[in-house]
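# Inside the fold
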Amino acid sequence: MTGPPTPPPSSATEIQDAARTTMIPPQAAAAAPDPVAPVAQPAIEPVQAPADVVATNKTSYELLFPSIVTLARNGDLRDLIGLAEHGDLTGGDDADHTRLFLVVPLVLAYMIRDELTPARYALIRLPNALSSLPITQSLFGLLASVSERKFSQIYTRAEALRNIVSEPGFPNPELGQVLAGMIDAFVGKYPTLIVNSTVAEPSCVESFRKKTFALLARAYTSLSLPLAQTYLGYTAEQVVNVAVLAGWDFHETTYTLTPPKQATSSARLAVDSVPSSLMALNLVVESVANLEA
């Protein structure tokens, strides 16, 4: 028989006795398993993004740039213009600075081909964030000089633009090399002299001046110093120095230059017989281009 249920402990002594009888024996506690330790996770190696994913981080202008470089160096100006125009008009970010990777070569290609209206339009559609940059402002100035036929400014402004793209701190050296070659090609009208990135070529600006000076010797029986400055883009002192070295005579009283006698021919023009100095200059420029064609 079972006896009556044991009454719960009520006194302090009974409560302590009950607690001692319900504690886990020491040997049982020793056998209890330790808490589960966290399992060390293997180090995660960084995952290298695929090449095609990295390429997608470039702007559309950057993706087209290698093709622009190839076309520029090959002198394929018509194809360069077509590719750059399409890329510029369909680009994703109008204000991204890499847009100039297309626009500056595009404008220079137009200028080499003497297509000034589309060159101007390619510049004026740029946003203020890009049109206010030094390289763009310099290109604006060069285009203005050509449009207004201010030949005395073309040399200095072309050299200023060339200095910008040739600076050591220019953001993209490859772009700078291509632009320098295109500037030389524009000034000298020699598209085949676009430089290769591994070949250092002399500036066509200086070459063009020398050829122009040689043609002036064939075109004139005498030439005023201010007119020679207009043609050559030199200071008066520079014109005199170059002329004297080339065998010209400088008359200090009249400020005129006379070419050496061996340059005399019936094809030369006297200054007084030339109806327009602009017409004469155009003749000289076209003759220089034809010599290299």
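Residues numbered from 1 in each chain as written. Predicted model: local features only at pLDDT ≥ 70, side-chain atom pairs only at ≥ 80, totals over all residues. Heavy atoms only, no water.

In the nomenclature of an unreviewed UniProt entry, the protein is known as CSN8/PSMD8/EIF3K domain-containing protein of Dichomitus squalens.

## Notes on the pattern of salt bridges
Counting across every chain of the model gives six salt bridges. For R125, the salt bridge is made with E85, and the minimal N-O distance between the two is 2.7 Å. Taken together, the residues R125 in the loop between α7 (116–124) and α8 (128–131) and E85 in helix α5 (residues 77–90) connect sequence positions 40 residues apart. Assessed through its relative accessible area of 18%, R125 is described here as buried. (Salt bridge = Lys/Arg side-chain N within 4 Å of Asp/Glu carboxyl O. Helix = DSSP H or I, 4+ residues; strand = E, 2+ residues; numbered from the N terminus. Buried < 20%, exposed > 50% of the residue type's maximum accessible area, 1.4 Å probe, protein only.)

## As for helix α14 (residues 236–245)
Note: α-helices contain 3.6 residues per turn, so residues at a spacing of three or four share the same orientation. Three or more residues of α14 are buried, namely V239, V240 and A243. Projected down its long axis, α14 carries its buried residues within an arc of 95°, all on one side. Of the exposed residues in α14, the ones pointing more than 90 degrees away from its buried face are E237 and L245. (Arc of directions from axis to C-beta.)

## Here we look at the nonpolar core
Judged by nonpolar contacts, the single largest core of 48 residues is most densely connected at M111 and M182. Among the secondary structure elements, those contributing two or more residues to this core are α4 (60–74), α5, α6 (100–112), α7, α9 (134–147), α10 (151–166) and α11 (173–188). (Core = buried A, V, L, I, M, F, W, Y, C linked by side-chain atoms within 4.5 Å.)

## Some thoughts on α7
Taken as a whole, α7 has its buried residues at L116, A119, A122 and L123. Viewed along the axis of α7, the buried residues span an arc of 120°, placing them on a single side of the element. Turned more than 90 degrees away from the buried face of α7, the exposed residues are T117 and I124. For α7, the elements touching its buried residues are α6 and α9. (Contact = heavy atoms within 4.5 Å.)

## Quick word on the sheet that holds strand β3 (residues 256–258)
What the three strands build is an open sheet, ordered β1-β3-β2; its pairing is antiparallel. Unpaired on one side and paired on the other, β1 (223–224) and β2 (249–251) mark the two borders of the sheet. Where β1 and β3 come together, two bridges link them in antiparallel fashion. Residue pairing across strands places L223 opposite L257, the latter belonging to β3. (Pairing = 2+ DSSP bridges.)

## Quick notes on the packing of α6 against α9
For the pair α6 and α9, interaxial distance at closest approach is 12 Å and the crossing angle is 15°. It follows from the interaxial angle that α6 and α9 lie roughly parallel. For the crossing formed where α6 meets α9, the hand is left-handed. Residues L100, V104, V107, L108 and M111 of α6 touch α9, and the partners they reach there are I135, T136, L139, L142, L143 and V146. (Axes fitted to C-alpha atoms, helices over the stretch in contact; angles between N-to-C directions. Parallel < 35°, antiparallel > 145°, perpendicular 65-115°, else oblique. Left-handed = near helix turned anticlockwise from the far one by under 90°.)

## Here's the deal with the packing of aromatic side chains
Considering all chains together, one arrives at two aromatic pairs under this definition. Relative to Y255, the ring of F250 lies with its centre 6.0 Å away and its plane at 70°, an arrangement referred to as edge-to-face. Overall, F250 belongs to the partly exposed group, its relative accessible area being 23%. (Phe/Tyr/Trp six-rings, centres within 6.5 Å; stacked < 30°, edge-to-face > 60°.)

## Points about the environment of A109
Summarising the element assignment, A109 is placed in helix α6. Note on A109: relative accessible area 0%, which makes it buried. Taking C-alpha positions, A109 is 9.2 Å from G75, a pair spaced 34 residues apart along the chain. Each residue touching A109, except ones within four places of it in the same chain, is listed here: L77, L80, I81 and M182.

## Things to note about unusual backbone geometry
Even without glycine at this site, D114 takes up a positive phi of about 60°. Position of D114 among the secondary structure elements: in the loop between α6 and α7. With relative accessibility at 39%, the residue D114 sits in the partly exposed group. Non-glycine residue Y255 carries a positive phi angle of around 55°. On the secondary structure map, Y255 appears in the loop between β2 and β3.

## Some words on the confidence of the model for the protein
Averaged over all residues, the pLDDT of the protein equals 73, while 61% of them reach at least 70. Across residues 190–202 the pLDDT falls below 50, and counting only partners more than four positions away or on other chains, this stretch makes 24 contacts in the model. With pLDDT under 50 throughout, residues 263–279 is counted as low confidence; its partners more than four residues away or in other chains account for 25 contacts. (pLDDT = per-residue confidence, 0-100.)

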